[in-house]
Structure formats: C-alpha cells, structure tokens
Amino acid sequence: MNLTPLATAPLAVQIHAVAAIGALVLGALVLFRRKGTPLHRLMGRLWVVLMLVVATSALFINEIRLIGPFSPIHLFVVVTYVGVARGIYTIRRRRVAEHRAAMQGLYFFSLVLAGCFTLLPGRRMAAVLFGAEAGWTPSLVAIALGLVVSAAIYMRLQARARRVGARV
C-alpha cells in the first residue's frame, strides 16, 4: 500500500476518499448492529452525512470527461441523492422495510459498486492499494471478490428482512 497517490491528489479527491472509506466502515457497522436504538439512529445520521459528502465531492472530481465535465460514474451521485432522500422519507413515515431496502441498496450499489470502479488499473485507489504498475490481475481479483462478497451479504440481508417481515 502506498498513500502517495492519495496524499498528492486534489483536495476534492482526498475528501471524497476519506468520506467514502468512513462511510464504508460505518455503514457496515450500521447494517449489522441492532436496529432502532439511539446508537443506530446516531450512526445512521452520520453515515448519511458521509454519503452526501461522498456524492457532493464526486461532482468536483472531473478527471474522466465523457459528457462535459462528467463521466458515467457521476450517475452514482444522482443515485446517492435519491437513495438518501428515499431512506429519510420512508423512515420518517415509519415504513421500516422500505427504509431498510433503501439504505441497504444505497450501501451496496452507491458505495460498494462505485468503489469497485476505483480499483480499475489507472485509477488512483488502484495505485494506492496495488501500486501504479500492478496491471489488471490484482484489480480484477479485488473487484470480483468485493462484488461476490457484497452480493452474498446483500442477499443474506434481504432474506433475513423477508423472514422478519413474514413474522410481523
């Protein structure tokens, strides 16, 4: 691991990376801890703030320009804003199952899936984790592992949500 590519990156990239890593760790804690507690609500609010920082800072990262100053990965910004709004809207109306689905989807699709794109060769986080000259093999292994593990966890959470929902 070499933090130089991140340490020398523009401020928006540094903010984005720190917020994304924080959201990844905190989100995992929120997903697997007991729900509905004051600690869950506090950690959930902090996670939402981190997700909004991740999405907003992404707007200022324009190294890959395909559509004006943006690239297709910027679609995750819209997905994140919509997902956060949906999660807040549903929990305020006490629609817990919809809130759970919105937040789990946000975690796995806007954070994990988008994060996998950062591991492609030539991207900054690939250089941080594997080195600038590592090539495709470590990136593809890490992406495949991340997607398989995330998909398994997501399916397990969805199955548990269906079982809990059936008992209510």
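Preceding this section is the structure that the text describes.
First, a word on what this report is: a plain description of the structure on this page. (Residues numbered from 1 in each chain as written. Predicted model: local features only at pLDDT ≥ 70, side-chain atom pairs only at ≥ 80, totals over all residues. Heavy atoms only, no water.)

**With respect to the overall build of the protein**
Piece 1. Check the secondary structure of the protein and you find seven helices and zero strands.
Piece 2. In terms of principal-axis extent, the alpha carbons of the protein reach across some 55 × 30 × 30 Å.
Piece 3. Within the protein, counting contacts between residues at least 6 apart in sequence, those at least 24 apart form 61% of the total.
Piece 4. With an accessible surface of roughly 10300 Å², the protein has 70% of that area assigned to carbon and sulfur atoms. (Helix = DSSP H or I, 4+ residues; strand = E, 2+ residues; numbered from the N terminus. Contact = heavy atoms within 4.5 Å. Areas by Shrake-Rupley, 256 points an atom, 1.4 Å probe, with all protein chains shown as cover.)

**What to know about the side chain of His74**
Piece 1. Tracing the backbone shows His74 in the loop between α3 (38-58) and α4 (75-92).
Piece 2. Of the polar contacts made by the side chain of His74, one reaches the backbone oxygen of Ala58; its length is 2.9 Å. (Polar contact = N/O pair within 3.5 Å; in protein donor to acceptor, adjacent residues only side chain to side chain.)

**Side note on the pattern of salt bridges**
Piece 1. Counted according to the given criterion, the structure contains one salt bridge.
Piece 2. Across the salt bridge formed by Arg95 and Glu98, the nearest N and O atoms sit 2.9 Å from each other. (Salt bridge = Lys/Arg side-chain N within 4 Å of Asp/Glu carboxyl O.)

**Regarding the nonpolar core**
Nonpolar side chains in soluble globular proteins tend to be buried together.
Piece 1. Trp47, Met51, Tyr107 and Leu111 are the most contacted members of the largest nonpolar core, which has 20 residues in total.
Piece 2. Ignoring any residue separated from it by four or fewer positions in sequence, one finds Met51 in contact with Ala23, Thr80, Val84, Leu106, Ser110 and Leu111.
Piece 3. With 11 residues, the next largest nonpolar core counts Ala12, Ala17, Val128 and Ile143 among its residues. (Core = buried A, V, L, I, M, F, W, Y, C linked by side-chain atoms within 4.5 Å. Buried < 20%, exposed > 50% of the residue type's maximum accessible area, 1.4 Å probe, protein only.)

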